[in-house]
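Topology and contacts: notes
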Amino acid sequence: MNQVADILKLAGEAQQQNIDAVLATVVHTEGSAYRRAGAMMLICADGRSVGMISGGCLEPHIIKRAFWLTRHGANVQVYQTGSDEGDEADDDSESNGNGNGDLENELNSGLGCNGKVHVLFERLTAARPFLEVINHVRRSQNPTTIATLIHANAQYYLPIGLRLDLKDYIANEKITFVSGARMGNQAFIEQANIFTHEIEGLVKTLSTHVVSNKNTEYVVLKNGDITTEWLIQRLQPQHRLLVCGAGNDVMPLVTMAKLQDWHVSVIDSRAQYATRMRFPEADIVMPVALDDNEKLLKLSRHAAVALMSHSLTQDRARLSLLLAHSTHYKYLGQLGPSYRTERLVNEIRAAKDNPASLSEGVKKLHYPIGYKLGGDGPEALALGIMAQISAVMHKQTATAKFSASNNTTSEILSDV
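Conventions and cut-offs
Sequence order as written defines the numbering, with residues in each chain counted from 1. This being a predicted model, a pLDDT of at least 70 is required before a residue's local features are given, and a value of 80 or more before pairs of side-chain atoms are given or counted; all residues contribute to the totals for chains, interfaces and linings. Heavy atoms throughout the structure, all of them, feed into the side-chain values; hydrogens and water do not. Only DSSP runs of H or I reaching four residues or more are called helices, and only runs of E reaching two or more are called strands; each is numbered from the N terminus. For every residue, the accessible area (1.4 Å probe, protein chains only) is compared with the maximum for its type, and the residue is labelled buried under 20%, exposed over 50%, or partly exposed between those bounds. The term nonpolar core refers to a set of buried residues drawn from Ala, Val, Leu, Ile, Met, Phe, Trp, Tyr and Cys, joined through side-chain atoms within 4.5 Å. Throughout, a residue-residue contact means that at least one pair of heavy atoms, one from each residue, lies within 4.5 Å. Interaxial angles span 0 to 180 degrees and are taken between N-to-C directions of axes, which are lines fitted to C-alpha atoms, for helices over the stretch in contact. If an angle is under 35 degrees, it is roughly parallel; if it is over 145, roughly antiparallel; if it lies from 65 to 115, roughly perpendicular; otherwise it is oblique. Rotating anticlockwise by less than a right angle from the far helix to the near helix defines a left-handed crossing, while the corresponding clockwise rotation defines a right-handed one. Note that Gly is not counted as nonpolar here; it falls among the polar residues with everything else outside the nonpolar set of Ala, Val, Leu, Ile, Met, Phe, Trp, Tyr, Cys and Pro and the charged set of Asp, Glu, Lys and Arg. Any two rings among Phe, Tyr and Trp, with Trp reduced to its six-membered ring, count as a pair given centres within 6.5 Å; such a pair is stacked if its planes are under 30 degrees apart, edge-to-face if over 60, and tilted if neither. Think of it as a cone above the ring: NZ of Lys or CZ of Arg counts as a charge over the ring if it is within 6 Å of the ring centre and within 35 degrees of the ring normal.

Here we take up the environment of Lys 298. Within the secondary structure layout, Lys 298 lies in helix α9 (residues 293-300). The class of Lys 298 is exposed, set by a relative accessible area of 62%. C-alpha of Lys 298 to C-alpha of His 328: the two residues are 30 residues apart in sequence and 9.3 Å apart in space.

Laid out in structure tokens, this is it:
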């Protein structure tokens, strides 16, 4: 959900300023495509825009045509880049005097992508409830699943852009519409004349689909003469990063995480380091005492945790608690050479009545933190850390492995 924060912010500003806007969403791709299904772009009538739905080839066209394309309501356009076919869906635009006869040249200027991108266009008034759901997921940290209609054949009328809350149906067997008329509004349902036996069957079938690891699924449903196409999205909360330590080397790490729309918390037991002035981009910056276990566990819940305090006392206290709660976080990394981390772990084990309780946490611990990608300085360190965390969070790497350091005598001792 890159750039989602900027889209939500601009949507809120446009609504407050009574400025019309169009939300463009990639709902399906075929072949090579720069962005996956679910990527969004918001275009305001005053010329402002945020987000990307391609690598730059579609955006100029989208900005020029967004309001014209939605003059009659939401619709899906299909764009093919890098071939001789041009635009397949917007075939009535030139005949209606839109003045964009160079569309084929716009989309096929030597890009070589040879992929199709299906894009849903809808006015902000219709898309606002969906954006509110996304905002709620980010605030609550609770994922949800939404199905969006992107095509229906002529034999069965359903409005393009119709959204259904599948999580609510799975939990309560209740059909909830995420619509511009207000979520779950019975008056909207009756007015649209879509609360029928057929749609109950559609929702039931959609709720049985398992969404892939990419959190999106393109689904075609056929029931007699009725054919519908849907985008099922598993809306996930932001990835969360907790940095324990507020030194200068943490600053580029915060910046890189925020560029990817992560929620970032920075803590330190030294109040003079953990200040908003030093970390203006972070979502949370606060001093946390070494014995405040409740606060540390709350901030580390479902997060990637980077221990970067440059203090044995701080790292020992944080590591002692986190190793004992290995299921609480998604990633744990310790800054510093291997022998330093091994010394800390052995000291923590020696102080425990049951050292074996730390075993799962030790297996999950990455040290030294980050991939060695080359380069020098805090920026190179931050790049390696974000690369490793991202790989672990997206299950693109093996779990942490431990071995004795070659240049020290320290190693993690066994539990017995």
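Still more ground to cover, so stick around.
Okay, the nonpolar core next. With 26 residues, the main nonpolar core has Leu 241 and Trp 262 as its most contacted residues. Breaking this core down by element, the ones donating at least two residues are β10 (240-244), α8 (251-259), β11 (263-268), β13 (304-307) and α13 (378-393). Looking at which element gives the most residues to this core, the answer is α13, with 6 residues. When sequence neighbours within four positions are dropped, the list of residues in contact with Leu 241 reads Leu 253, Ala 257, Trp 262, His 263, Val 264, Ser 265, Ala 304 and Ile 389.

This part takes up the packing of helix α1 (residues 4-16) against helix α4 (residues 124-140). Where α1 contacts α4, the axes come no closer than 11 Å and their chain directions differ by 130°. As judged from the angle between their axes, α1 and α4 are oblique. Note on packing geometry: the crossing formed by α1 with α4 is left-handed. Along the contact surface, α1 presents Val 4, Ala 5, Ile 7, Leu 8, Ala 11, Gly 12, Ala 14 and Gln 15, while α4 presents Leu 124, Arg 128, Leu 131, Ile 134, Asn 135 and Arg 138. In terms of residue class, the contact of α1 with α4 is made up of 9 nonpolar, 3 polar and 2 charged.

Cis rather than trans, the peptide bond between Tyr 367 and Pro 368 has omega equal to -15°. Note that Pro 368 resides in the loop between β15 (365-366) and α13. In this model, Asn 18 sits at a positive phi of 55°, which is unusual for a non-glycine residue. Take Asn 18: it is sitting in the loop between α1 and β1 (21-30). Unlike most non-glycine residues, His 310 shows phi in positive territory, near 60°. As for its placement among the helices and strands, His 310 is situated in the loop between β13 and α10 (312-323).

Moving on, we get to the packing of aromatic side chains. With the rule as written, the count across this model stands at 0 aromatic pairs. Sitting above the plane of the Trp 68 ring, Arg 71 keeps its charged end 3.7 Å from the centroid. Sitting above the plane of the Phe 130 ring, Arg 163 keeps its charged end 4.0 Å from the centroid.

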